[in-house]
Structures are given as structure tokens and as C-alpha cells.
Amino acid sequence: MYSSFLPSQMPTPDEVGLGSTFSPLPKDLTALARRFRSMPWGPHPAALQALLQQMRSGRVQGKYALQVVVPYREWQLVRLPLERGMPMEPVEGARFTSLAEAEWAVFRLRARELFGQDLPADLAAGEDEEAAT
Amino acid sequence: MKKRIVGYCDRQSSRPGDKVGFMVSCAAGEAEFSADIVRVISGDPQPGAPGLKVEPVKTGIEGSYPAVERRIRSGSYVRVERGDRLAADRIATIQATIWPTLPRRGEQAIVSIHAPSRRSGIALRINARGCLSLLVADGATVHEFDTGKPLETRVWQFVAASIDRRAGKVSLWQQRLDGPAGRTVEHDLPAGFDVADPGVPLLIGGAFETFPQESWEGAVQCFNGRIERPAVAGRPLSLAQMQGLRSAVAPLDAAPDLHALWDFGLDIPTDRVVDISPNGLDGEAVNLPVRAVRGSGWSGRHFDWRQAPGEYAAMHFLEDSLYDCGWPPSFELTVPAGLRSGFYAARIRCGGEEDFIPFFVRPAAGAPTSKLLFLVPTASYLAYTNWRLPFENPASEFLMSALPVIGPEDEFLIDHPEIGPSLYDTHLDGLSAHYSSQLRPNLNMRPTHGWLEQYPADLYITNFLEEQGLDFDVMTDEDLDREGVSALDGYRCVLTGSHPEYYSTGMLDALDAFLGKGGRLAYLGGNGFVWRVAFRHDKPGVIEMRRAESSSSIGANAPGEYHLGFSGELGGQWKRLGRPPQALCGVGFIAQGFDYSASYGRLPDSFDPRAAFIFEGIGADERIGNFGMLGNGAGGVEVDCYSVAEGTPPHALRLATTAGAHTATYVYEGTYLNDPEPEVRADLVFLEAGAGGAVFSVGSMAWATSLAYNGGDNNVARVTENVVRRFLDERPF
């Protein structure tokens, strides 16, 4: 079967911006963050969806999760077990009474871990026209 | 949050007069727990949901019971009852062919007549260093002789040990089947030493232990991996004699004083383990070692074990396989005469926590109490029992578009991996789970569980039926599998649950025959009738599934292992087995997403006079189901669509659709190879079946959780009620 596209007719990865760095810093991280904060469960614009794909990938071991403290009312941020049979590890000082706030806290943690960027905790939520396109 | 109390029952389906035993474990430090029986109407406790609704039933079991903490002791093995030939002091050779999967995990017995706590017996095993060893003990002293060379992982190796008591020698062999000749390692036996018989059964894949305080006996030091043709003899055999037994090329009597040789390729659908020596020392498989798996001699010429059982003479043993926890009953219920058929549970309370052990009550045999039957999808409940996806699958957060939320039930599973996996998980050694049993606590089959699929979601259907005053009987998948279409005699309409994904051949045959006789089927779910499973009529409460190659993200089986051990049938998706869900109910799985659900818009077919009864009270432009507890819509999570190319009968009416209303997270999962226009959507479909029967399908898992919106006054409930009331009417379609 023939390929449905010819590499010779495609732009190179560099030309379309698939660069050589493993975690390219999104040009508009702050705008995407504002958009995420306003609508943490989407629907997300394509650029934000791509960023979330990157943030949510990786091994499950040690990934962030929310441990129920009071059902439907209070949650503790944890890291999932490093292997089956091991316990979850709580993240100190990260307890929430809102799932949206928990999602926002993890977004900020990952922005720091992936890009070394500190997003302000009180970044105003909001639509951003550029990010939403 | 840590759970203080868990439990299970010994049968999920019962009739008045039957006895149901309930096994309960409480956290250490608790003195007692209380129990009563309740009829379960609804469960979801989250804001905006109907909440937990149960009605206590007086049965005589209500009261307080002593709290006992029970252990879950898993691990599959073979048990052969002791006898003269299996006394440890009469064994001089032990051999097997093995394919270890976790040889570095610590002590694992291959063949043993040994109880570690008694310091007596003999065992061929993997020692703490990962080497093959022979353990011998005389009641006081334990000696262990090893090869000094770690076993290889996932490689077939011949292993054996013999004791020459006259020469005072122990010999060990460890050899790759595909490698150069192995070496013999010899050790001196201490002068005057001999093995003492511990008086315990011979185990394959474990060492015997008893815990009298728990009323439990079974295997410890369980083996992970495959074992083939294990044998024991009363004399030290030569390497040539042992190789003859291994490869099945030499007659058995070429090995002098052979006590037993077990061929796992025989009687595969059962627990029986056949000794092919003249001594008939058959054993019993315990906790479901995986049968019908490739042995060392699999040629690649056969893919069905029934055609070449000798190539399937291995079993895969697992330290985290479990059929029955085996806890003693905490209390026993005799189902009262006249108790209404329905969803019930033992409500158990301990340390400020309330939990439920669900079970289902049918009417007395041959005496349906309603024309309406809720077929409880217990095969699908089993498939998802204790699933570990939220905290063990790297795709969990992608799929859900949100952080995993770990409730107390998940915490229990994290703390107790020995409870065994669901059919979505792997065992500790990486093997995809083949079996799931209900004789263990099922942490997600609970009315108040925050995971709104399967049992917790199906309680929206029971709540709807109760609110509408629609009397109904219940029956489980296993009942239907066992009894066939005659189980449906007297019923006019069968309702499914919200996600009846797993079906046995017997269940599908029964539904087909029911429709052929004028029965009516309301499929109130999504991604239904997808995977073949098999029950075992001689062993209740367990299903087997092989996904074969057809799975999007969950482990496929190894080539040659697509056929179910329970039945011999080819496993996989029904669409690939020639019985697509579209042919039964007009729709089939196409996509899944877990953020927003969609609503349905009416299509021209919905104005066909044949469908008029469905839309009574519904406006021509009205969106159906733009509300609900799963993604705020009735069309979502896992969705099915109409496709004549894939098997939908051409006369079916495509009434309404969610096409064009889904978010980008909805991933196309169906393989609509023949359909020119596949599209992510849920379709509402109606079709007439034979002899005046009919089928209505919603094609969405989220539909059920929309039924309760606005106190039940909504168009999803209206459509559902219209359908059910007409389906109960005897006028033929």
C-alpha cells in the first residue's frame, strides 16, 4: 500500500516548529494558563489541549492525583505509588476544597517542572483571544 | 480516607428460600460491626444526584457481629492430596520445565512437599537469590542447595534436582531449552541427614501453609510464571531419563519409580490436573492458574489448544491470582419468601463507616412477578471489579481530562494489591488478567461509589423504575448464561444496564431467541455486547476473557492464546466473531470521551409513524438530554452508532443523534471498516424484531444518569418511559 503522503512533499519538522528541545516553552504560556484557569475541564483550544497532552504524559508512577479527604468536599494532592504495593505520597500543604483549584495548582506545578516558569497563584482567570484561537 | 469495613457474599443471585453467606472484614481495633438487609433504589450521593435511597427489609439477620480483620491470601497453585507416594522422604527426583516471570522477586516454590513453618519436607524452588535450589529439611534443620546461577526471565528452562541418599549427593540441573547443554551442580548431603515428611499436600507453584486462627490453608511462596510437565520420582533419575519425561518422547516406564507426572494440557476447562503416570495422583488447580497457555513446545502451527493440547501443557501461575478469599461467613441470610425481586444489599457499619454488599433477588422459580425484567450486567461488573486504571494506567488523566480522584475504595486497592486485578489490569508480572471472580470484595460495586459507571450508574435505572411505578424483576448475566432463553419465559421486555459490555455466547443466544419469539429489548446503555466472555457452569462467580488481538489500549493476548480455556471458543470482540452488536440492537461502539456529553437532535425517522409512540410529548425541535450526571448530557462517555454496513438491519429507524455535538476529546475507537461515513456520535435506534418483537437502543453510557434530572421530569425519562410502557404492551410490532 502506498503512503497517503509523500515525505518529499511535506515540510520538515523544523519548518513546522517541531523543534529540537524536548519541552519547548509555549509562546503564550500565561495566556494558556489564564484560559485553563477559567475552564479547567475544557473544551480547550488546540494550543492548550496540546500543552495539557504534554503535561499529562509520562509514567504513571509518581503522577499527581487527588486523594479524597471528605467525599465531594475536600481533597489532598498526592503522588501516585512508585510501584504496586507502595503508598501514595502526599504533597505537603496542598489540600483543596475545590477541584478547579486543585487542577490549577497542578497546572502551576507542571509549568515549573517542565519549563521552569513560576505562574502567579492568583493569575486572573479569563478568556484570552489569542490562546483561544 | 481508610476504609474500616469491606465484604463480599458467596452468591450474587438468589431466590426466596436460598441462603446467602456474607463475609466481612473490619479494620484492626474495631470490636463489632452491625448489619441489616436493604432494598437498594438509588445511590449516587453527589450534589445534584438522587442520593442514597435504601429501604430496610426485616430478615432476622439485623444486629451486631464481632469485628474480625481478615487477610486476603492470593496466589494460584495446584494441590495434590498427600499419599504414600507423595511422602517427602520417598521423593528422590523433582523436575519441571519453567518460564519464570519474576525470578528475582524472592522465594518461590516450583514443586514442594513442604510447610515452611514446620521446617520439614522437600521443595524445588527459586531461592532468595533467584537461583534454582533444592530445599530439604528434617524437622529441625533446613538445608538449601542451589545452582549458584540466577534463573533467566521469560525463558524456558529445564530444572531438576535429585537426592542420592546412598551416595550422599544432591544434584541440580538448570538448562535453557534453546541453549547449550547446561551444567550439573553437585553438593554433598550432610552425613546422616534425611528429609522428614511434613505430612502436607504436594503443591505445584507454592509451599503449603496453614493459618488456623484464620481458618485458612493454602499456598505461600507462590510462583510467578509458567510450569510444564512437573514430575516426581522415587529414585534419582539420570539426565537422559528426566529429559525423556520432559519432552514426552520416551515412554513413562523408562523413568524408574516415577510417582507422578502432571500434564496440564489435559482437562483444561476444569480445575482437574491430571497425573499421567499409572498412579493417578490427580491434583486440583486452586485460585485459577491460567490454563490454555503456550507451553515450551508450542509450534506456531496451532492457535486453538483443542487441536494440540500437548503444546498447551503449561499453566501460568501468579502470586496475585484469586478465585475465593475463603473467609468464614460473618452471617448468613435466608432470602425471605415473598421478598420482591430486585437490587438488595447487606448494609454493614463499622467505626463510623457505612458500606454495602450488593446482591440480587429473583422471583421464585417459574413465577415471574412482572413482565419487565432488568438483566443485571454482572459479567460487566465482574470485568471492572477492582479496576486499577485510575492509579496504574498512564493514560488515566488523558482519558478523563482531569486529575484522578482516589477515594477510599481506590486507597484500599492501593493498599491491598493481593485482592487481584480487574480485566483491565495486569498481574504483578505483567500478564493481562484473564479471569475475574466475585468471591472477593468488589470495591467499585457499591451504591455510593464516586465512579459513575456500571453498578452505581445502573442504580439510576432502578431509581427511574421505582419513581415511575414500573414493577420489575431482576436476573443476572450468569443466570441467563446458565439457563438460556427459558430463563426469559414470562417476560415481555428486557432492560439492559448502562454498559453491558461483556457477553457470553449463551447470553447472546438467549437474547436472540427471546427477540425471535416476540420479546422486546431496551438497550439503555453504550458500548454494549462487545467482548466475548465465558462462565463455568461447574465453578460459579467467575468469568474468563481473552481480548485476542483486538484491543485499542488494553493488553492483547500472546499469539496462540486467543482461545478461552473455559470453553475453547475464540475470544475477542463479537464484531470480529461474526456477531456484531449492530445486528442485535441496531447500534455498535464507535467512540469514547470523558469530558462533556452531548444531547440528541431528532432525525426524520423519528417522525415515522412506527416510532410515534417513542416521541409522545416530545417537541419536534426539542434537544433530548442536554443534562445529566455524566458530562451534563445524555449522549456520551462511550457511544454507539447506527451502521447498516456494520450490521444494523436496514429496516431500523435512526431516530436521533448526537452527531456534531461532541468535544474533540471524543476519540474514534470503532473500526468501521465497511462504513463509508463513520462519525463520532450516539444514535437512538428502533427496530422491529421477529414475531412481534422490537428493540430500542440509546447507544450511550450517559443516558441512564440523565433519567433523574429535574426530579425525573425530563425528556430522557419521558422517552424511556414511552418505550418501556409500549414494550410491555402485548400488541405485536
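Residues numbered from 1 in each chain as written. Chains lettered and ligands numbered in written order. Predicted model: local features only at pLDDT ≥ 70, side-chain atom pairs only at ≥ 80, totals over all residues. Heavy atoms only, no water.

## Considerations on the overall build of chain B
Where we set the bar: Secondary structure is summarised from DSSP: a helix means a run of H or I of at least four residues, a strand means a run of E of at least two, and numbering begins at the N terminus for each. Buried, partly exposed and exposed residues are distinguished by accessible area as a fraction of the type maximum, computed with a 1.4 Å probe on protein chains only: under 20%, between the cut-offs, and over 50%, respectively. Contacts: residue pairs with any heavy atoms within 4.5 Å of one another. All accessibility values rest on the Shrake-Rupley procedure with a 1.4 Å probe; residue burial counts only the protein chains present in the view. As used throughout, the charge tally considers Lys and Arg to be positive and Asp and Glu to be negative, leaving His and the chain termini uncounted. For the purpose of locating charges, the reference atoms are NZ of Lys, CZ of Arg, CG of Asp and CD of Glu.
Within chain B, the regular secondary structure consists of 11 helices and 43 strands. With respect to the three principal axes, the spread of C-alpha positions in chain B is 95 × 60 × 50 Å. Looking at chain B residue by residue over its 733 residues, the buried ones come to 63%. Within chain B, contacts between residues separated by at least 24 positions form 72% of all contacts whose residues are at least 6 apart in sequence. Per element, the accessible surface of chain B, about 24400 Å² overall, is 49% carbon and sulfur. With 67 positive and 92 negative side-chain charges, chain B shows a separation of 3 Å between the mean positions of the two kinds.

## A short note on the overall build of chain A
A count of helical and extended segments in chain A gives 3 helices and 3 strands. Helices (α) and strands (β) of chain A occur, in sequence order from the N terminus, as α-α-β-β-β-α. For chain A, buried positions account for 37% of its 133 residues. Long-range pairs, those at least 24 residues apart, make up 48% of the contacts in chain A between residues at least 6 apart in sequence.

## Side note on the sheet that holds strand E39 (residues 638-642) of chain B
Residues and elements named next belong to chain B. The test is simple: When DSSP finds two or more bridges between a pair of strands, those strands are recorded as paired.
Strand order across the open sheet formed by 3 strands is E39-E37-E41, with antiparallel pairing between neighbours. Because the sheet does not close on itself, it has two edges, and the strands there are E39 and strand E41 (667-668). Relative to E39, strand E37 (residues 587-592) runs antiparallel, the two sharing 5 bridges. If you follow Val587 over to E39, its bridge partner there is Tyr642.

## Topic: the confidence of the model for chain B
Should pLDDT be low for a region, the predicted coordinates there are not to be read in detail. Rules: For every residue, the predictor reports its confidence as pLDDT, a number between 0 and 100.
Summing up the model confidence of chain B, the mean pLDDT is 95 and the portion of residues at 70 or higher is 99%. Scoring of the predicted complex yields 0.95 for pTM and 0.92 for ipTM.

## Quick notes on the interface of chain A and chain B
Note the threshold: Take the accessible area each of two parts loses on contact, using a 1.4 Å probe, and add the two losses: that sum is the buried area. A pairing counts as a salt bridge when a side-chain nitrogen of Lys or Arg comes within 4 Å of a carboxyl oxygen of Asp or Glu. Polar here means any residue outside two lists: the nonpolar Ala, Val, Leu, Ile, Met, Phe, Trp, Tyr, Cys and Pro, and the charged Asp, Glu, Lys and Arg; Gly therefore counts as polar.
Taken together, the contact pairs 30 residues of chain A with 33 residues of chain B. A combined buried area of about 2500 Å² lies between chain A and chain B, and 61% of that area is made up of carbon and sulfur atoms. Per-residue buried area on chain A facing chain B is highest for Arg56(A), Tyr72(A) and Arg84(A); these three make up 32% of the total on that side. Summed over the shared surface of chain A and chain B, the number is 4 salt bridges. The salt bridge partner of Arg84(A) is Glu392(B), with a shortest N-O separation of 2.8 Å. Taken together, the elements giving at least two residues each to the side of chain A that touches chain B come down to helix H2 (46-56), strand E1 (64-70) and helix H3 (99-115) of chain A. With 6 residues, the single largest contributor to the side of chain A that touches chain B is E1(A). Partitioning the side of chain A that touches chain B into residue classes produces 18 nonpolar, 7 polar and 5 charged. Bridging between E1(A) and strand E29 (residues 405-406) of chain B involves 2 bridges; their strand directions are parallel. Bridge pairing links Gln67(A) to Ile406(B) in E29(B).

## Points about the environment of Ser401(B)
If you trace the backbone, Ser401(B) turns up in the loop between helix H4 (396-400) and E29. Note: C-alpha distance between Ser401(B) and Ala167(B) (234 residues apart in sequence) is 69 Å. Among residues more than four places away in sequence, those in contact with Ser401(B) are Trp41(A), Arg56(A), Asp595(B) and Thr665(B).

## A look at H3(A)
So the rule is basically this: Expected helix span is given by 1.5 Å per residue-to-residue step, counting one fewer step than there are residues. Here a polar contact is recorded for every N or O atom pair within 3.5 Å, except that within protein the pair must consist of a potential hydrogen donor and a potential acceptor, and residues adjacent in sequence are included only if both atoms are side-chain atoms.
Helix length check: H3(A), at 17 residues, gives a terminal C-alpha distance of 24 Å against a target of 24 Å (1.5 Å per residue), a fit within 8%. For H3(A), the set of buried residues is Ala102(A), Glu103(A), Trp104(A), Ala105(A), Val106(A), Phe107(A), Arg110(A), Ala111(A) and Phe115(A). For H3(A), the secondary structure elements touched by its buried residues are helix H1 (29-38), H2, E1, strand E2 (74-79) and strand E3 (89-96) of chain A together with H4 of chain B. Of the residues that open H3(A), the one with a side-chain oxygen 3.2 Å from the backbone nitrogen of Ala100(A) is Ser98(A). Among the residues trailing H3(A), Gly116(A) stands out with phi positive, at a value near 70°.

## Regarding the sheet that holds strand E35 (residues 531-536) of chain B
Residue and element names in this part refer to chain B. Reading across the sheet, the 4 strands line up as E30-E36-E35-E33 and stay open at both edges, with mixed pairing between neighbours. The sheet is open, and its two borders are formed by strand E30 (435-437) and strand E33 (502-503), each paired with just one other strand. By the bridge criterion, 2 bridges tie E33 to E35 in an arrangement that is parallel. Within E35, the position partnered with Tyr502 by the bridge is Trp531.

## Observations concerning the packing of aromatic side chains
How two aromatic rings sit relative to each other is given by the distance of their centres and the angle of their planes. All names here are of chain B. Rules: Classification of ring pairs uses Phe, Tyr and Trp, with its six-membered ring standing for Trp, and accepts pairs whose centres are within 6.5 Å; under 30 degrees between planes counts as stacked, over 60 as edge-to-face, and the remaining range as tilted. Charge over a ring is defined by NZ of Lys or CZ of Arg lying within 6 Å of the ring centre and within 35 degrees of the ring normal.
Throughout the structure, instances matching the rule amount to 35 aromatic pairs over all chains. When the centroid spacing of 6.2 Å and the interplanar angle of 65° are considered together, the rings of Phe264 and Phe317 count as edge-to-face. Remark: Phe317 occurs in strand E24 (residues 314-317) and Phe264 occurs in the loop between strand E20 (258-263) and strand E21 (272-275); sequence separation between them is 53 residues. What makes Phe317 buried here is its relative accessible area of 0%. One aromatic cluster in this structure is built from Phe22, Phe33, Tyr65, Phe331, Tyr344 and Phe359. Here the guanidinium or amino end of Arg73 rests over the ring plane of Phe211, the centre of that ring lying 3.8 Å away.

## Considering the environment of Ala100(A)
Residue and element names in this part refer to chain A. Inspection of the secondary structure assignment puts Ala100 in helix H3. Accessibility expressed as a relative area gives 27% for Ala100, which makes it partly exposed. Ala100 sits 59 residues away from Trp41 along the chain, and the two C-alpha atoms are 8.4 Å apart. Setting aside residues no more than four positions away along its own chain, Ala100 makes contact with Pro40 and Trp41.

## So, the pairing of strand E4 (residues 32-42) of chain B
All names here are of chain B. Judged by how many residues are buried, E4 sits mostly within the fold: 9 of 11 residues are covered. Where E4 lies against strand E6 (residues 63-66), 4 bridges are found, and the strand directions are antiparallel. The partner of Ser34 across the bridge, within E6, is Ser64. Bridge count between E4 and strand E5 (residues 53-57): 5 bridges; the pairing is antiparallel. Directly across from Ser42, in E5, lies its bridge partner Lys53.

## A word on the confidence of the model for chain A
When pLDDT is averaged across chain A, the result is 86; 83% of the residues are at 70 or more. Per-element averaging of pLDDT across chain A places H2(A) at the bottom with 91 and E2(A) at the top with 98.

## Observations regarding the nonpolar core
Residue and element names in this part refer to chain B. Cut-off, in case you're wondering: Nonpolar cores are built from buried Ala, Val, Leu, Ile, Met, Phe, Trp, Tyr and Cys residues. Side-chain atoms within 4.5 Å join them into one set.
Grouped together as the largest cluster of nonpolar side chains are 63 residues, with contacts concentrated most on Phe343, Ile614 and Trp703. In this view, Trp703 contacts Leu524, Tyr600, Ile624, Ala634, Leu684, Val698, Val716, Val719 and Thr720; residues no more than four positions away in its chain are not counted. Leu86, Ala96, Leu134 and Phe264 belong to the second-largest nonpolar core, a separate cluster that totals 49 residues.

## Description of the side chain of Arg246(B)
All names here are of chain B. Positionally, Arg246 belongs in helix H1 (residues 239-247). One buried charge, Arg246, has no salt-bridge partner; the nearest side chain with opposite charge is Glu228, at 5.4 Å. Within polar-contact distance, the side chain of Arg246 engages the side chain of Gln243 at 2.9 Å. What Arg246 contacts, discounting residues up to four positions off in sequence, is Gln95, Thr97, Phe158, Leu177, Arg229 and Ser296.

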